[in-house]
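# Secondary and tertiary structure notes
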Amino acid sequence: MSKYKVNLKINNIPISVDEGTTILDAARELNFKIPTLCHHDDLCVAGNCRVCVVEQKGARLLPASCATPVSEGMEIQTNSLKVRQARKHIVELLLSEHNADCTKCFKSGYCELQDMSNDYRIGDHVFLDLVKEEDKVVDISSPSIEKDDSKCIRCQRCVRTCSSLQYVSALAVTHKGNEMRISTFMDKPMNDVVCTACGQCINRCPTAALTERNYIDEVFDAIYDPSKFVVVQTAPATRVAIGEEFGMEPGSRVTGKMVAALRRLGFDKVLDTDFTADLTIMEEGTELLVRLKDALVEGKEVALPMLTSCSPGWIKFQEHLYPDLLDNLSTCKSPQQMFGPLAKTYYAEKVNKNPADMVVVSIMPCTAKKFEAERPEMRGSGYKDVDYVLTTRELGRMIHQAGIDFEKLEDEKYDSILGESTGAAVIFGSTGGVMEAALRTAYELVTGREVPFTNLNIKPVRGMEGVKEASVKIKDVKPEWSFLEGVELNVAIAHGLANAKILMDKIRAGEANHHFIEIMACPSGCIGGGGQPMPTNMEIRKKRAAGIYEEDEAMTVRKSHENPEVTEIYQSFLHEPLGHKSHDLLHTHYYPRKRH
Amino acid sequence: MTKIKELVKEQAEKHGRARTSLMPILQEVVRSENYLSEEAMEAIAEELDLSTADVFGTASFYTFLDTVPRGKYVIRVCKTITCHMKGKDEIIRTISDMLKIKLGETTTDKKFSLLQANCLGWCHKGPVMLINDEVYPEITPEKVTEIVNQYLKKG
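Residues take numbers from 1 onward in each chain, read along the sequence in its written order. Starting at A for chains and at 1 for ligands, labels are handed out in the order in which the entities are written. Only residues with pLDDT of at least 70 are given local features in this predicted model, and only at 80 or more are side-chain atom pairs given and counted; all residues enter the totals for whole chains, interfaces and linings.

When you go through chain A residue by residue, the secondary structure sums to 18 helices and 16 strands. Against the 2.2 N^0.38 benchmark of 25 Å for 596 residues, chain A shows a C-alpha radius of gyration of 25 Å, consistent with a compact globule. The C-alpha extent of chain A, read off along each of the three principal axes, is 80 × 65 × 50 Å. Looking at chain A as a whole, 52% of its 596 residues are labelled buried. Contacts in chain A between residues far apart in sequence, at least 24 positions, make up 74% of those at least 6 positions apart. The helix and strand labels rest on DSSP assignments: H or I over at least four residues marks a helix, E over at least two residues marks a strand, and numbering proceeds from the N terminus. For a compact globule the rule gives 2.2 Å times the number of residues to the power 0.38, and the radius of gyration it is set against comes from C-alpha atoms. Buried residues are those with 20 or more other C-beta atoms within 10 Å of their own C-beta, exposed residues have 12 or fewer, and partly exposed residues lie in between; C-beta atoms are placed from the backbone. Two residues qualify as being in contact provided that their C-beta atoms, derived from the backbone, are within 7 Å of each other.

In structure tokens form, the structure reads like this:
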């Protein structure tokens, strides 16, 4: 349907835009930046903060540009005296209810309200300070998310994120009038409600009302403790995002610089979660083939489709909302949690360290990983497998603190062992990546040939569509896999929990014909994770995804089963996928949790 | 199935399970139970496929949808300007002294709760109070003593 064009003037410049465009978007097309707080490109219109007000010729009131569509002949001023004064007052009013202890605040330098207040040179307190003392008690019950109501400006980005992107609604608008706040069921602590710890609310919070629990000091303490041997692992998605913390373009591939920075921070060994991503493919791929064999040959009742288990926010979502489908989840731990126990067993032995003296730190694009590391099951090594989880943002902060000039660093390589990886591992960072990596390996395992896609790039599983479906015909299989001859392997991929729900409802209703489904809790997968640099929007996430796929193409080995360290660990330690050792160290189980 | 769950289910059958049924169901539960317990809100969320935070968010917006237990008789004195000027503080003090409870509290025998309400729309006949659904306009400390005494006798 072709859209009608609407003609208007913004700051005296004529422009013609599609009917239904907001004044804000029309102004953006002319490169006029109107400040916003409650508005977010990923979310529906709210129109509650009012900082985006503009002056419309002939109108008595100042409309909110984010919530007002253009109309024919409109004349808009985005920075008139009236607008400037109104905007200043609005920011002052917001500040009167905001605990502006900027020097102590974790978000200082990253806070949208602080930026705006700087831009408008808000100095004196024009209005009475209305911050309530009781709101200054920060909720630190969750290992992932801190909630500080005294910083909240009630823009409701978090509420919209939690409901429309994630279908969780752990946060809601509660009470009214001057008591109105963003809260949980019965004002319970964050750790006691359905929160999946995905951190998407943090990514969109304009202030520090929602932040990650940060463990920077604990990690520095460990680094400077001479009795500790501190190893660090880095998740795939961090290497295309950490550059943003230093003003680089989203999607800049800075793997080598990140390794160099970690070494300069003082980590004893810099290792890679990508190695255990490859291992995940071996374990999870085998698990899928075993399930298919059980179903097709043995005629056993097996839970299909099998669901991936790399994303701890997704796991917690399923435990809360779909506990009846827990058997469908792969029993594989996530790459982070495979790394932990291997570091404290296999690796500790190789480097001759006492696991009791080891500290395993992860750099993750994720806040749910902090929760995951605290799960009581995650002690396969006999110790806490992963000691501290830092987000990409926290690592950025550490590098700033240490005075390391990130952009100027020379590329360095990961330490060996547990540092070798493949292109298949790095694409774990983007939606569809686990599926692509699994297909590259499983198809070759079964047929002896590479997947039938140009240059190993399985395009149908890539891209930012909420739910993707694809099928791969398996033919001319090796004799031992004869039961798969001619089978059409149906797969699906969802990212963002609201999209996951679509697939889960299908499975529940018995309408899903898939064999294997990849789900990532965060929009666009880990590159859009709750621990990634801010801001976030589709454009930024697409750039990061492009970085991920470039990184893949640049690797010499691009299939998990060809990772030489993976071959080595199966020969000398694990012996076989799904074997006894794997069962003890690399697999886990899940627990139903309450939805309501 | 507990009594609350049965009640919620029955109400969901009656009003339907769309989000728009949330209000009438909340009202029915309060009518029958005097307040919305956690269990009741959880049951409503489950029936209507909402999150509990959403149910609580809606309930907490409305003064009359209590989320803490209240007495058999809930006294609500209008707190807005006109009733304030006409002496609602004295009314509250009188009730408070009689029942030995402060604002927001419930008597130990769970018979009375004493609360304030936003404007009840009786500004021309203030001060005004509600006892459950009954309106008492143009009250004085003397009148209020008499009214509360009647309720005390009622049991």
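Don't stop here, the text continues.
Whether parallel or antiparallel, the strands of a sheet pair through hydrogen bonds between backbone atoms. Residues and elements named next belong to chain B. A pair of strands is considered paired only if DSSP assigns at least 2 bridges between the two. An order of β2-β1-β3-β4 is seen for the four strands of this open sheet, with the pairing classed as mixed. With partners counted over all chains shown, the strands left at the sheet margins are β2 (112–117) and β4 (134–136), one partner each. The sheet shows a mean angle of 20° between the axes of neighbouring strands, direction not considered. With three bridges connecting them, strand β1 (residues 73–78) and strand β3 (residues 129–131) associate as antiparallel partners. When the sheet's bridge partners are listed, Arg76 is paired in β3 with Leu130. In the packing of helix α6 (residues 88–99) onto the sheet, the strands contacted are β1, β2 and β3, and the crossing angle to β1 comes to about 155°. Every axis in this analysis is a line fitted to C-alpha atoms, fitted for helices over the stretch in contact. Angles between the N-to-C directions lie between 0 and 180 degrees.

Once that is clear, we can look at the pairing of β1 of chain B. Successive side chains on a regular strand alternate, one facing one side of the sheet and the next facing the other. Residues and elements named next belong to chain B. Taking burial as the measure, the six residues of β1 include five buried ones, the bulk of the element. As paired elements, β1 and β2 share six bridges and run parallel to each other. Across the sheet, the residue bridging to Tyr73 is Phe112, located in β2.

Residues and elements named next belong to chain A. Two elements in contact, helix α8 (residues 273–296) and helix α14 (residues 433–447), have axes separated by 10 Å at closest approach and are oriented at 60°. Taken as axis vectors, α8 and α14 run oblique relative to one another. As for how α8 packs across α14, the hand of that crossing is right-handed. Contact residues: α8 offers Ile281, Glu284, Gly285, Leu288 and Leu289, while α14 offers Ala437, Ala438, Thr441, Ala442 and Leu445. Basically, the charged four are Asp, Glu, Lys and Arg, the nonpolar ten are Ala, Val, Leu, Ile, Met, Phe, Trp, Tyr, Cys and Pro, and anything else, Gly included, counts as polar. Its residues placed into classes, the contact of α8 with α14 shows seven nonpolar, two polar and one charged. The cut-offs work like this: below 35 degrees is roughly parallel, past 145 is roughly antiparallel, 65 to 115 is roughly perpendicular, and the gaps in between are oblique. It is the rotation of the near helix from the far one that decides the hand of a crossing: anticlockwise by less than a right angle makes it left-handed, clockwise makes it right-handed.

A few words now on the interface of chain B and chain A. Frequently, the measure chosen for interface size is the accessible area that the parts lose on association. Contacts between the two partners involve 13 residues from chain B and, on the opposite side, 15 residues from chain A. Listing elements by their share of the side of chain B that touches chain A, those giving two or more residues are α3 (38–48) and α4 (52–61) of chain B. With seven residues, the top contributor of residues to the side of chain B that touches chain A is α4 of chain B. Of the residues in the side of chain B that touches chain A, the class split is four nonpolar, five polar and four charged.

Here we take up the environment of Asp476 of chain A. Residue and element names in this part refer to chain A. Among the secondary structure elements, Asp476 is positioned in the loop between β14 (467–473) and β15 (488–495). Assessed through the 10 C-beta atoms surrounding it within 10 Å, Asp476 is described here as exposed. Considered as a pair, Asp476 and Gly486 are 10 residues apart in the sequence and their alpha carbons are 7.9 Å apart.

What follows is about the sheet that holds strand β3 (residues 55–56) of chain A. Residue and element names in this part refer to chain A. Sheet architecture is open: four strands sit in the order β2-β1-β4-β3, paired in mixed fashion. A single partner strand is all that each edge strand has here, and the edge strands are β2 (13–18) and β3. Looking at chain direction, β3 and strand β4 (residues 75–77) are connected through two bridges and run antiparallel. Paired with Gln56 across the bridge in β4 is Ile76.

A few words on helix α4 (residues 157–165) of chain A. Residue and element names in this part refer to chain A. Summarising burial for α4: eight of the nine residues are buried, a large majority. Within α4, burial applies to Arg157, Cys158, Val159, Arg160, Thr161, Cys162, Ser163 and Leu165. Looking one or two residues beyond α4, the residue adopting positive phi is Tyr167, at roughly 50°.

Turning next to helix α7 (residues 141–154) of chain B. Working rule for helices: expected span equals 1.5 Å times residues minus one. Taking 1.5 Å of rise per residue, the 14 residues of α7 of chain B would be expected to cover 20 Å, and the 20 Å separating its terminal C-alpha atoms lies within 8% of that figure. Where α7 of chain B ends, the next residue or the one after it, Gly155 of chain B, has phi of about 75°, a positive value.

Residue and element names in this part refer to chain A. Partitioning chain A into structural domains gives domain 1 (5–92), domain 2 (97–212) and domain 3 (217–275 + 336–408). Listed as interface residues are 15 residues of domain 1 and, on the opposing side, 18 residues of domain 2. Partitioning the side of domain 1 that touches domain 2 into residue classes produces nine nonpolar, two polar and four charged. Domain start and end points were adopted from an automatic or database domain assignment.

On to the domain arrangement of chain B. Under the domain assignment used here, chain B contains domain 1 (3–61) and domain 2 (73–154). Relative placement of domain 1 of chain B and domain 2 of chain B: their C-alpha centres are 28 Å apart.

The peptide bond linking Leu304 of chain A to Pro305 of chain A adopts the cis configuration, its omega dihedral lying at -5°. Of note, the bond from Met534 of chain A into Pro535 of chain A is cis; its omega dihedral lies within 30 degrees of zero at 0°. Tracing the sequence through the fold places Pro535 of chain A in the loop between β16 (516–520) and α16 (538–554). The phi dihedral of Leu456 of chain A is positive, around 65°, even though this residue is not glycine. Within the element layout of this structure, Leu456 of chain A appears in the loop between α14 and β14. On the basis of neighbour counts, which here come to 17 C-beta atoms within 10 Å, the residue Leu456 of chain A falls in the partly exposed class. Despite not being glycine, Lys100 of chain B has its phi angle at roughly 60°, a positive value.

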